[in-house]
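# Structural overview for review
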Amino acid sequence: MGHGIRIALLLWAGSGAIAPAAGQDGGDAGNPVYDQRFFDRTQPSNAYEMVALLPAFTIAEGNADVRGYSGVAGNVLIDGQRPAGKTDTLEAILKRLPAARVARIELIRAGTAGYDMQGYALLANIILVKTGTIGGRIEAEQALYRHGLRAPRVSAQATFDGRGRVTDLFATVYREIDDEHGFGVRNRFASDGTPLRLVDYAQPEGADIAQATLAYRQPLLGGTLRLNGLIQDKRKFADIAHAVTFPAPDAIVGSERKHARTYEAGVRYERALGPADDLELVGSYRSVATVGLDRESTASESSVSDERSNASEAILRAALRHHRGGATIEIGAEGAVNSLDGRNALIEDGEPVPLPQANVRVAERRAELFVTASRPLGARTVAEFGIRYEMSRLSQAGDIDLVKSFAFWKPRARLVWTPTPNRTFRLLAERAVGQLDFDDFVGAASLTSGTISAGNADLEPDSLWRIELSYERRFGAGSVTVAARREWISDLVDQLPVVVDGTLYDAVGNIGAARRDTVEASLKWPLDAFGARGVVVTADLVARRGRATDPATGERRPISGDLPVEARVALTHDIPAWKLRWGGGYAFARTETAFKVEEVEADRLAGRLDLFIEYRPDARWTLRLFGRNLTDSAATRTRDIYAGVRGDAALRYRELRVLRSGRSIGLTVQRSFGG
């Protein structure tokens, strides 16, 4: 009873400030600062694990598929700046930063002068130690899967810090295994459950990746110049085998190979123009060349799908921020040039098969003007307003010649109320506009699923109005946050039927209005107060309900690709006296459904358990033993295939594919050196 009352008081008490956790400096009233003392009891080994412990903060990766800079960046800064590249994820970048290099982490709240929030309510700003020395880390890892699959990794990082000039070098070579594929069955059944085909099926997938990055910064003309570069070579592989046992023995073999090479370079310059003004200039270029080759053959037939593309993006951005007192205003402009050359071919038994819109060049020129302003409305309230105006011209050439122009206003308003130092309410209203995926303009064939999709030249970007209310409660080193969101969507991009030369195809297109409701909740709960020193429990939940009108049946249904529920719970336990840290996480089952013209496809990933134990004999060595998917959970794909357009045709068969990659265990060894 006493524990329950104590928990309730911690979470929901409305009056008075709770004393900050050890290691939390005051900062200003709205922006807490967490130094190394805050993290001592939890022994994080890298910046990613440190950021994950921040009360009321959840890492957001951003969206690297978005063209341009706005909306791409995540919500973590390093020395006040976002990572400039798109290819590396925030998780990968932060895991490369040893905890010893972090001096402190500041939580930046909306309305703070001098920061580009990019629409986020919170930013984590990682301040690095200025060592003036050479340091780095070497890492080796090996993971073992069932059926003889292995996933080795070797990486090295070096930092040269001297006289204000800092150079970071990183290189890695590794293999990743896709644990949502593997070995199992792929059977077909009639509508009454009668078996039509029984198959022992194998589809192990993975990728071999080599990557090198360079980051450099130095003082220049009263400001700071930053340069970055990346080269990545990624070779995806999948070896596929059907061993048909019913109705007659047969064998089908196949393979999927995709080779993508990425080059990325960027420059960023920021400079104070006075005590109240800051200038930021950003430029970047990225190119990705991809070649994909899929094969499938039986004793009497063969098919080959050949997909090739070259994509590039160039961005220029300038922003000027003025801050005086508690008010901030930012104005700026961004321009981007994007292109994609896509050429796909399908060959069956040596003869080419026509694909709709298979050879297309798409180019886009886009410009955006933006203004954002924030100011306090009294001691406890901050208001933020912004508006963006986007203009773009999109052209297609090849199988279809077409030119389109778009222009959109994108307003945003946020109100933040902090009635006590440990409670915050946020209200957000905004309009967002999606971007068209260039790949949706190009027709393609999938030998694995046996489908052909058409490109759609008539695509329009979807748009939505969003309103969100969130609540944040902090208690010492813990927190609970809850958010509720509603979105009204226009011109939803989903699946619809397209007729090309009298043949019906599945394509991506606009299917009309839709609505989506989302509830998110997050908990970070240190259990020190209950006698479990060093134990931290985290839990995250996202629940969605979207409704759209199905173009094939005319009925209301969920939005393709939406996950109704995502949930995860994790626990870590740090034992500094033993130099040990252990923990694990359980991801609950989730299901994703796609509503296509002649089929409904549902992918279900069963709940999975991961565990780890980490030993640090001294400050330079880290040994980590881990186990993944210890529940040996299955990935199940159910496909209901119809004889024609759903709603007008009967069910031909149901295909059930159940695959397991198996449990995996691995060992990671890290050795740091230098300052």
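Quick caveat, the model's predicted, so the values are computed rather than measured.

Definitions and cut-offs
- Residues numbered from 1 in each chain as written.
- Predicted model: local features only at pLDDT ≥ 70, side-chain atom pairs only at ≥ 80, totals over all residues.
- Heavy atoms only, no water.
- Helix = DSSP H or I, 4+ residues; strand = E, 2+ residues; numbered from the N terminus.
- Rg over C-alpha atoms; globule rule 2.2 N^0.38 Å.
- Buried < 20%, exposed > 50% of the residue type's maximum accessible area, 1.4 Å probe, protein only.
- Contact = heavy atoms within 4.5 Å.
- Areas by Shrake-Rupley, 256 points an atom, 1.4 Å probe, with all protein chains shown as cover.
- Lys, Arg positive; Asp, Glu negative; His and termini not counted.
- Charge placed at Lys NZ, Arg CZ, Asp CG, Glu CD.
- Core = buried A, V, L, I, M, F, W, Y, C linked by side-chain atoms within 4.5 Å.
- Pairing = 2+ DSSP bridges.
- Polar contact = N/O pair within 3.5 Å; in protein donor to acceptor, adjacent residues only side chain to side chain.
- Salt bridge = Lys/Arg side-chain N within 4 Å of Asp/Glu carboxyl O.
- pLDDT = per-residue confidence, 0-100.
- Phe/Tyr/Trp six-rings, centres within 6.5 Å; stacked < 30°, edge-to-face > 60°.
- Patch = residues over 30% accessible without salt bridge, like charges linked within 9 Å, V, L, I, M, F, W, Y side chains within 5 Å.

### Focus on the overall build of the chain
A count of helices and strands for the chain gives four helices and 39 strands. A compact globule built from 675 residues should have a C-alpha radius of gyration of about 26 Å, and the chain, at 26 Å, falls within 12% of that. Residues counted as buried form 47% of the 675 residues belonging to the chain. At a minimum sequence separation of 6, the contacts of the chain that also span at least 24 residues come to 64%. Carbon and sulfur atoms form 58% of the exposed surface of the chain, whose accessible area is close to 31000 Å². Treating the 87 positive side-chain charges of the chain as one cloud and the 86 negative ones as another, the clouds have centres 7 Å apart.

### Observations regarding the nonpolar core
The biggest cluster of nonpolar side chains holds 25 residues, and the ones touching the most others in it are Val51, Leu54, Ile105 and Ile126. Taken together, the elements giving at least two residues each to this core come down to α2 (36-39), α3 (47-51), β3 (76-78), α4 (90-95), β4 (102-109) and β5 (122-128). Take this core: its biggest share by element is four residues, from β5. Beyond its immediate chain neighbours, meaning those up to four positions away, Leu54 contacts Tyr34, Phe39, Ile105, Leu107, Ala124 and Lys524. Membership of the second largest hydrophobic core comes to 13 residues, among which are Leu340, Val360, Val442 and Val508.

### A short note on the environment of Ala587
Inspection of the secondary structure puts Ala587 in strand β32 (residues 580-587). Relative accessible area serves as the criterion here: at 26%, Ala587 is assigned to the partly exposed category. As for Ala587 and Leu605, which are separated by 18 residues in sequence, their C-alpha atoms are 9.5 Å apart. Discounting chain neighbours no more than four positions away, the residues touching Ala587 are Ala567, Arg568, Gly607 and Arg608.

### So, the pairing of strand β34 (residues 599-605)
Sheet analysis places strand β33 (residues 590-595) next to β34, joined by six bridges and oriented antiparallel. From the neighbouring strand, Ala594 faces β34, where its bridge partner is Glu601. What sits between β33 and β34 in their antiparallel hairpin is a turn of three residues. Bridge analysis of β34 against strand β37 (residues 635-642) gives seven bridges, and the strand direction is antiparallel. Following the sheet pairing, Asp603 is matched in β37 by Arg637.

### What about the side chain of Gln157?
One can find Gln157 in strand β7 (residues 150-162). Looking at Gln157, the relative accessible area reads 10%, which means it is buried. Within polar-contact distance, the side chain of Gln157 engages the backbone oxygen of Arg96 at 3.5 Å. Among residues more than four places away in sequence, those in contact with Gln157 are Arg96, Pro98, Arg101, Gly135, Gly136, Arg137, Asp168, Leu169, Phe170 and Phe673.

### Describing the pattern of salt bridges
When the charged atoms of two side chains with opposite charge come close together, those side chains can pair. Counted under the stated rule, the structure contains 55 salt bridges. Measuring nitrogen to oxygen at the nearest pair gives 3.0 Å for the salt bridge that ties Asp35 to Arg37. Classification of Asp35 by relative accessible area gives buried; the value is 13%. One salt bridge connects Arg257 with Asp239, and the closest N-O pair in it is separated by 2.8 Å. Taken together, the positions of Arg257 in strand β13 (residues 250-274) and Asp239 in strand β12 (residues 223-246) put the pair 18 residues apart, joining distant regions of the chain. Salt bridges sharing common partners tie together Arg412, Glu430, Arg466, Glu487, Arg516 and Asp562.

### Considerations on the confidence of the model for the chain
Close inspection of predicted coordinates is inappropriate for parts of the model with low pLDDT. With 93% of its residues at a pLDDT of 70 or more, the chain has an overall mean of 87. Scored below 50 in pLDDT, residues 1-19 shows 29 contacts in the model against residues more than four places distant or in partner chains.

### Quick notes on the packing of aromatic side chains
Between two aromatic rings, the relevant description is the distance of the centres plus the angle of the planes. Tallied over the entire structure, the rule returns eight aromatic pairs. Ring plane angle 15° and centroid distance 6.2 Å describe the contact between Phe406 and Phe408, whose orientation is recorded as stacked. Per residue, the accessibility class of Phe406 equals that of Phe408, and both read buried. Both rings, one in Trp525 and one in Phe530, keep their centres 5.9 Å apart while their planes meet at 90°; by these two values the pair is edge-to-face.

### Quick look at unusual backbone geometry
A cis amide bond links Phe246 to the next residue, Pro247, at an omega of 10°. Position of Pro247 relative to the elements: it lies in the loop between β12 and β13.

### Observations regarding the environment of Thr448
Within the secondary structure, Thr448 is located in the loop between β22 (444-446) and β23 (451-453). On the basis of relative accessibility, which here comes to 16%, the residue Thr448 falls in the buried class. Taking C-alpha positions, Thr448 is 9.6 Å from Gln203, a pair spaced 245 residues apart along the chain. Excluding its chain neighbours within four sequence positions, the residues that come into contact with Thr448 are Arg186, Tyr201, Gln203, Ile240 and Glu256.

### Observations concerning a negative patch on the surface
A surface patch of negative charge is lined by Glu301, Glu348, Asp349 and Glu351. Among the secondary structure elements, Glu351 is positioned in strand β17 (residues 351-353). Since its relative accessible area comes to 55%, Glu351 is described here as exposed.

### Digging into a nonpolar patch on the surface
A cluster of nonpolar side chains, contributed by Leu571, Trp582, Ile613, Tyr615, Trp621, Leu623, Leu625 and Leu667, occupies part of the molecular surface with about 680 Å² of accessible area. Of all elements in the fold, only β35 (608-615) and β36 (621-628) reach the threshold of two or more residues within the nonpolar patch. Top contributing element to the nonpolar patch by residue count: β36, with three residues. Along the chain, the position of Leu623 falls in strand β36.

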